[in-house]
Amino acid sequence: MFHVNDWVVYGTSGVYCVVDTDLPDPTGSDSERRYYELQSAKQKCRTYVPMDSAVRMRPILSKEEAEDLIRRIPELDTPLCAEHGKNAAEKYYRDLLQHGDCAAIIGAVHKLSERRRSLIQSGRHMSFTEEKFLRRGRELLDSEFSISLGIPPEKVASFIRQTLTKHPNC
């Protein structure tokens, strides 16, 4: 159960602040079902989510957890999609995002970023599916780490690079 002012990651939608809890069904169709009212961290929109929703909702990382995870990036071993074909890659990366494991997402984003740099140096490019996952993974991580670390989302990538430079043997 989440409380008012808790920050949560809601599925693959992003980071939200819990504005209200235990609300009646906003449509009025189910008097038994209770809802969270969530305010998006990125937009000025609110959404209502059933408290018993099947969509994964978890608390954001604490500052300490985020800093520890960033220091552990080089040792994270998230495999990239090994299967060929757009559908297999699409499913693999969609499942990775939907599972919501921040360590797996940042590990895959890190590996894809390295892969992208390597491909660019050799005059090639990543698949559309990998680019899409890389962009969406970065958006989700930037949004969560921004709140956890108390920095603007556009500064998260430079914070991660600086941390890894300070702690190269982590």
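Report on the accompanying structure. Fair warning: this is a prediction, and the values are worked out from it, not measured in the lab.

Now for the overall build of the chain. Within the chain, the secondary structure is distributed over five helices and five strands. Ordered by position from the N terminus, the helices and strands of the chain form the series β-β-β-β-β-α-α-α-α-α. Here the C-alpha coordinates of the chain stretch approximately 60 × 40 × 25 Å along the principal axes. Relative to its 170 residues, the chain shows a buried fraction of 40%.

So, on to the pattern of salt bridges. Applying the stated criterion to the full structure yields eleven salt bridges. As a salt-bridge pair, Glu130 and Arg115 come within 3.2 Å of each other at their nearest N and O atoms. One end of the pair, Glu130, is in helix H4 (residues 128–149); the other, Arg115, is in helix H3 (residues 102–121), with 15 residues separating them in the sequence. Residue Arg115 is classed as partly exposed on the basis of its relative accessible area of 35%.

Under the 1.5 Å per step criterion, the end-to-end length of H3 is 29 Å for 20 residues, consistent within 8% with the ideal 28 Å. Inspection of H3 places Cys102, Ala103, Ala104, Ile105, Ile106, Gly107, Ala108, Val109, Leu112, Ser113 and Leu119 among the buried residues, and these make up the whole buried set. The elements touched by buried residues of H3 are strand S5 (57–59), helix H1 (63–71), helix H2 (86–99), H4 and helix H5 (156–166). Taking the backbone nitrogen of Ala103 as reference, a side-chain oxygen 3.0 Å away marks Asp101 as the first, capping residue of H3. After H3 finishes, the residue Gly123 shows a positive phi value of roughly 80 degrees.

In this sheet, strand S2 (residues 14–24) lies alongside strand S1 (residues 7–10) in antiparallel orientation, the contact comprising four bridges. Looking across to S2, one finds that Trp7 is bridged to Cys17. What sits between the antiparallel neighbours S1 and S2 is a turn of three residues, in which Gly11 has the positive phi angle 55 degrees. Direction of pairing for S2 relative to strand S3 (residues 34–40): antiparallel, over a ladder of six bridges. Bridged to Tyr16 within S3 is Ser40.

Let's shift gears to the packing of H1 against H4. Running from amino to carboxyl end, H1 crosses H4 at an angle of 125 degrees, the nearest separation of the two axes being 8 Å. Comparing the axis directions of H1 and H4 gives the class oblique. Between H1 and H4 the crossing geometry is left-handed. Counting all contacts with H1, which are made through Lys63, Ala66, Glu67, Leu69 and Ile70, the residues of H4 involved are Phe145, Ser148 and Leu149.

This paragraph deals with the pairing of S3. Of all seven residues making up S3, six are buried, and the element is well covered by its neighbours. Of the strand pairs in this sheet, S3 and strand S4 (residues 46–50) are connected by five bridges, and their pairing is antiparallel. Residue pairing in the sheet places Glu37 in a bridge with Tyr48 of S4.

Calculation notes
- Residues numbered from 1 in each chain as written.
- Predicted model: local features only at pLDDT ≥ 70, side-chain atom pairs only at ≥ 80, totals over all residues.
- Heavy atoms only, no water.
- Helix = DSSP H or I, 4+ residues; strand = E, 2+ residues; numbered from the N terminus.
- Buried < 20%, exposed > 50% of the residue type's maximum accessible area, 1.4 Å probe, protein only.
- Salt bridge = Lys/Arg side-chain N within 4 Å of Asp/Glu carboxyl O.
- Expected span 1.5 Å × (residues − 1).
- Contact = heavy atoms within 4.5 Å.
- Polar contact = N/O pair within 3.5 Å; in protein donor to acceptor, adjacent residues only side chain to side chain.
- Pairing = 2+ DSSP bridges.
- Axes fitted to C-alpha atoms, helices over the stretch in contact; angles between N-to-C directions.
- Parallel < 35°, antiparallel > 145°, perpendicular 65-115°, else oblique.
- Left-handed = near helix turned anticlockwise from the far one by under 90°.

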